[in-house]
Amino acid sequence: NSKASMYAKLLRTPEADLPSLTQQVEIKSIYMDRNNTNTVEEEKVDTYLIVQRLGGGNARKIACSKNLSHMKLVPWGGVAAHLNTTSKRVGRAFCFLPLPAETGLPIHVHGYFELSSNRRNIWFGDDMAGEGAIKANWNVALLQDVVSPCYKQLLMEARNSKSPNKYYSLF
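Q: Can you walk me through the overall build of the protein chain in this structure?
A: When helices and strands are counted, the protein chain shows 4 helices and 6 strands. Listing each helix as α and each strand as β along the protein chain from the N terminus yields α-β-β-α-β-β-β-β-α-α. The 171 residues of the protein chain split such that 35% are buried. A separation of at least 24 residues holds for 58% of the contacts in the protein chain among residues at least 6 apart in sequence. In the structure as shown, the protein chain presents an accessible area of about 10,900 Å², 51% of it carried by carbon and sulfur atoms.

The following block contains the structure:
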């Protein structure tokens with residue numbers, strides 16, 4: 001079974017050797033402004049610093065647990081910072097698609113989160129039992145063992161940027 005072999009390999013890989021990727025991505029958009037007499041095209045370039053990784057720690061232990069294999073958990077996630085914006089943006093949470101949740105951080109957070117049945121909220125809570133508690137614990141582990149190291153790496157990469165004000169705005 002390829003799924004079982006993937007989890008076995010994930011479990012035996014040293015944490016320092018788990019894959020991660022840091023990249024800067026430019027997204028070019030063309031905006032058309034039509035007024036009464038002519039159409040004006042304007043190109044806009046948005047630059048993002050993106051860090052993603054497979055995580056270790058408790059997230060890896062939970063994902064690789066044979067008792068939880070039916071949940072198909074993957075300790076993967078990432079963060080993205082919009083580098084060339086002048087406006088202050090509030091980061092959003094993503095689970096393959098944007099969620100209505102804001103992170104309260106100046107970065108976007110993406111992860112293999114467990115979501116509510118309507119896909120609008122990330123599962124959380126301290127007063128749960130059974131599978132609800134497992135989902136809530138998984139999301140905490142994903143934030144601690146995957147997203148936090150990604151955010152740390154993003155800050156380390158951003159400190160080399162030419163704009164100290166942009167670097168400090170990422171805190």
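Q: Hey, could you run me through the packing of aromatic side chains in this one?
A: Centre distance and the angle of the planes are the two values used to describe a pair of aromatic rings. Going through the model one piece at a time under the given rule, you end up with 4 aromatic pairs. With centroids separated by 5.9 Å and ring planes inclined at 25 degrees, the aromatic side chains of Trp76 and Phe96 adopt a geometry described as stacked. In this pair, Trp76 sits in strand β3 (residues 76-82) while Phe96 sits in the loop between β4 (92-94) and β5 (98-102), placing the two residues 20 residues apart along the sequence. Geometrically, the ring pair formed by Tyr167 and Phe171 is edge-to-face, given 5.4 Å between the ring centres and 85 degrees between the ring planes. One aromatic cluster is present, built from ring pairs that chain together Trp76, Phe96 and Tyr112.

Q: Help me understand the nonpolar core in this model?
A: If you look at soluble globular proteins, the nonpolar side chains tend to sit buried side by side. Of all hydrophobic cores here, the largest spans 35 residues; its most connected members are Val79, Ile107, Phe113, Trp138, Leu154 and Leu170. Elements with a minimum of two residues in this core: α1 (2-12), β2 (39-54), α2 (57-63), β3 and α3 (130-158). Of all the elements, α3 adds the most residues to this core, at 10 residues. Leaving out residues up to four positions away in the same chain, Leu154 has contacts with Leu49, Val51, Val79, Ala80, Ala81, Ile107 and Leu170.

Q: Would you explain the side chain of His82 in this entry?
A: Mapped onto the secondary structure, His82 falls in strand β3. On the basis of relative accessibility, which here comes to 6%, the residue His82 falls in the buried class. At a separation of 2.9 Å, a polar atom in the side chain of His82 contacts the side chain of Asp46. Within the structure, the side chain of His82 is placed 3.4 Å from the side chain of Asn84, a separation counted as a polar contact. Setting aside anything within four residues of it in sequence, one finds His82 in contact with Asp46, Thr47, Tyr48, Arg89 and Lys166.

Q: Sorry, what's going on with the pairing of strand β6 (residues 108-111) here?
A: Working note: regular strand, side chains alternate between the two faces of the sheet. In the sheet, β3 pairs with β6 via 4 bridges, with the strands oriented antiparallel. In the sheet register, Gly77 faces β6, and the bridge partner there is Gly111. Pairing of β4 with β6 involves 2 bridges; the strand directions are parallel. What sits directly across from Ala93, in β6, is Val109.

Q: Before we go on, may I ask you to explain the environment of Leu18 in this structure?
A: With respect to the helices and strands, the residue Leu18 is situated in the loop between α1 and β1 (20-34). In this structure Leu18 comes out as buried when scored by relative accessible area, which is 6%. For Leu18 and Leu54, which are 36 residues apart along the polypeptide, the C-alpha to C-alpha distance reads 6.0 Å. The residues contacting Leu18, other than those within four sequence positions of it, are Leu10, Thr13, Leu54, Gly55, Gly56 and Arg60.

Q: What exactly am I supposed to notice about the side chain of Thr13 here?
A: Among the structural elements, Thr13 can be located in the loop between α1 and β1. Side-chain polar atoms of Thr13 contact the backbone oxygen of Lys9, separated by 2.6 Å. Sequence-distant contacts of Thr13, defined by excluding residues within four places in its chain, comprise Leu18 and Arg60.

Calculation notes
- Residues numbered from 1 in each chain as written.
- Predicted model: local features only at pLDDT ≥ 70, side-chain atom pairs only at ≥ 80, totals over all residues.
- Heavy atoms only, no water.
- Helix = DSSP H or I, 4+ residues; strand = E, 2+ residues; numbered from the N terminus.
- Buried < 20%, exposed > 50% of the residue type's maximum accessible area, 1.4 Å probe, protein only.
- Contact = heavy atoms within 4.5 Å.
- Areas by Shrake-Rupley, 256 points an atom, 1.4 Å probe, with all protein chains shown as cover.
- Phe/Tyr/Trp six-rings, centres within 6.5 Å; stacked < 30°, edge-to-face > 60°.
- Core = buried A, V, L, I, M, F, W, Y, C linked by side-chain atoms within 4.5 Å.
- Polar contact = N/O pair within 3.5 Å; in protein donor to acceptor, adjacent residues only side chain to side chain.
- Pairing = 2+ DSSP bridges.

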